[in-house]
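# Close look at the chain arrangement
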Amino acid sequence: MKPIILDGRTGEGGGQLVRLACGLAALTSQAVTIKNVRGNREGGRGGGLKVQHVTSLSWLAKVTDAQTNGLAVGSKTLTFSPRRLPTELIQRNFKIEADTDAASALLILQAIFPYVLFAGNDTNEPVVLDIWGGTNVSWSLSYEYFDQVLMPTLEERFGIKIERELKTRGWNLGPRSRGHISVKIHPVAKGQTLKYSPPQPYTFPESYEVRKIDANIIVPRASHERVQEELVRSLGDLYPDADVEFKTVEDSGNDARWYIMLVAHSAGGIRWARDSLFSMPKNIKSSRDKFIQHACTSLCKQLYEETSLGGTVDEFLQDQLIFVQALAEGYSSFLRSEDPAESTVNGVIDAMGKLNIEEDTKMRRERTHEPFGHGSTHTTTARWVVSELLPKAEFYNKGDIVKGVGFLL
């Protein structure tokens, strides 16, 4: 089987390209070769495969009986040739452990998720994954984002059901700490496809008004009250009509570990999130109060900038949905950075995943030979990778509309 060859320096040029390409390769039983792995990470973050990539791809190689070349930490060329379909997955309980605490448990899950999502059997038995690794790690989605933003969206829009539990929190900041998450994935039934369920058409500006903000603070206990006060003050200035609810208030146990996430909910059911993972400087020149004030004010402003764009997803959610859109049946859309009052996409996808547009609405199919469309570099790169592995998927209007392949096994 001739492999699909990808240059790991393309677009964003990081680990996302590796995870997505190999995850879809495993699902579709296609061979893939990635050259210049993480080629845009040659600086401080280094190039080549990291522990979290090797951990997830080693698991995929085992369950797919894949032939591999270059599957080792630091490798800059990888060939992955899977030979076993997801429906052949007999075992339903797995333990996956990364070798280092800095390896993200959520990124490990991200790489193997496409394969497990379609690992349905005749009895519709779920797949249970216990994964050890970081849950709050730099350059990775946190468990809170996974639980409160990504998973609810997948369930509402695509009917994907995943039960999840945070067993132990793990950080790449401060003292040694290994986390543990447990997820029970209910795969797509054999012979069925994923289907997109569009929201009710949004109206501007009513559907975009922020009504509630969930705040998650995992910081040293002594700073709980001060952080809560500052968040309430900053959010009150920016969102005077929104309620603030503290969903998680937890002691991080160390000044090297600070994590705050804010999730804004609109009247129309839209979610936007912003988070921040950081350490308090050891030799802080200003007072602790000023440090907290700056951290909270900055994060609240970032959230406000996101909610002011008029999109229906935030920057970090958009790229994580693309492969699901491409696998699903029919059309789907998750806009970001578009004027909702002028959008031609809003409301054009009916409950059956078909286009319902006026005759004068322009639909322009995009070329997919390189990263393309609206969004962050992660988003534009994800579209390119998906197009290489799923060439029958179609993208329109700068990638704002996706026509999926209706993948089934």
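These numbers were taken from a predicted model, which means no experiment stands behind them. (Residues numbered from 1 in each chain as written. Predicted model: local features only at pLDDT ≥ 70, side-chain atom pairs only at ≥ 80, totals over all residues. Heavy atoms only, no water.)

### Description of the pairing of strand 1 (residues 4-7)
- Burial along strand 1 is one-sided: Ile4 and Leu6 are buried, while Ile5 and Asp7, pointing the other way, are not.
- The pairing of strand 1 with strand 2 (residues 32-35) spans 4 bridges and is classified as parallel. Residue Asp7 lies in a different strand from strand 2, and its bridge partner there is Lys35.
- Regarding topology, helix 1 (residues 15-28) serves as the crossover connection from strand 1 to the parallel strand 2, and that connection is right-handed. (Buried < 20%, exposed > 50% of the residue type's maximum accessible area, 1.4 Å probe, protein only. Helix = DSSP H or I, 4+ residues; strand = E, 2+ residues; numbered from the N terminus. Pairing = 2+ DSSP bridges. Right-handed = clockwise from strand over helix to strand, strands pointing away.)

### Thoughts on helix 8 (residues 377-389)
- With 13 residues, helix 8 should reach 18 Å at 1.5 Å per residue; the first-to-last C-alpha distance of 19 Å fits that figure.
- Across the 13 residues of helix 8, 10 count as buried, placing the element largely inside the fold.
- For helix 8, every residue scored as buried is listed here: Thr379, Thr380, Thr381, Ala382, Arg383, Trp384, Val385, Val386, Ser387 and Leu389.
- For helix 8, the secondary structure elements touched by its buried residues are strand 1, helix 1, helix 7 (315-327) and strand 14 (394-396). (Expected span 1.5 Å × (residues − 1). Contact = heavy atoms within 4.5 Å.)

### Section: the side chain of Gln325
- Mapping Gln325 onto the fold places it in helix 7.
- Residue classification places Gln325 among the buried residues on the basis of a relative accessible area of 4%.
- The residues contacting Gln325, other than those within four sequence positions of it, are Phe158, Ser332, Ser333, Phe334, Val402 and Gly404.

### A word on the nonpolar core
- If you look at the biggest cluster of nonpolar residues, it comprises 96 residues, and the most contacted ones within it are Trp59 and Leu129.
- Among the elements that line this core, the one with the most residues is helix 3 (residues 105-117), at 10 residues.
- Core analysis: the second largest hydrophobic core is formed by 27 residues, Tyr208, Val210, Ala215 and Phe278 among them. (Core = buried A, V, L, I, M, F, W, Y, C linked by side-chain atoms within 4.5 Å.)

### What about the sheet that holds strand 13 (residues 329-332)?
- The strand order across the open sheet formed by 3 strands is 13-15-14, and the pairing between neighbours is antiparallel. In this open sheet, the two edge strands, each paired with only one partner strand, are strand 13 and strand 14. Taking the axes of each pair of neighbouring strands and ignoring which way they run, one obtains an average angle of 10 degrees across the sheet.
- Here strand 13 pairs with strand 15 (residues 401-405) via 4 bridges, running antiparallel. Residue Tyr331 lies in a different strand from strand 15, and its bridge partner there is Lys403. (Axes fitted to C-alpha atoms, helices over the stretch in contact; angles between N-to-C directions.)

### A short note on the pattern of salt bridges
- Taken as a whole, this structure holds 28 salt bridges when the rule is applied.
- In this structure, the salt-bridge partner of Asp122 is Lys190, at a minimum N-O distance of 3.2 Å. Here the residue Asp122 occupies a position in the loop between helix 3 and strand 6 (127-133), and Lys190 occupies one in the loop between strand 8 (179-186) and strand 9 (210-219), the gap between them amounting to 68 residues.
- Glu306 is the partner of Arg336 in a salt bridge, and the nearest nitrogen-oxygen pair spans 2.8 Å. With Arg336 in the loop between strand 13 and helix 8 and Glu306 in helix 6 (residues 288-307), the pair connects residues that are 30 residues apart, well separated along the chain.
- What makes Arg336 buried here is its relative accessible area of 13%.
- Judged by its relative accessible area of 2%, Glu306 falls in the buried class. (Salt bridge = Lys/Arg side-chain N within 4 Å of Asp/Glu carboxyl O.)

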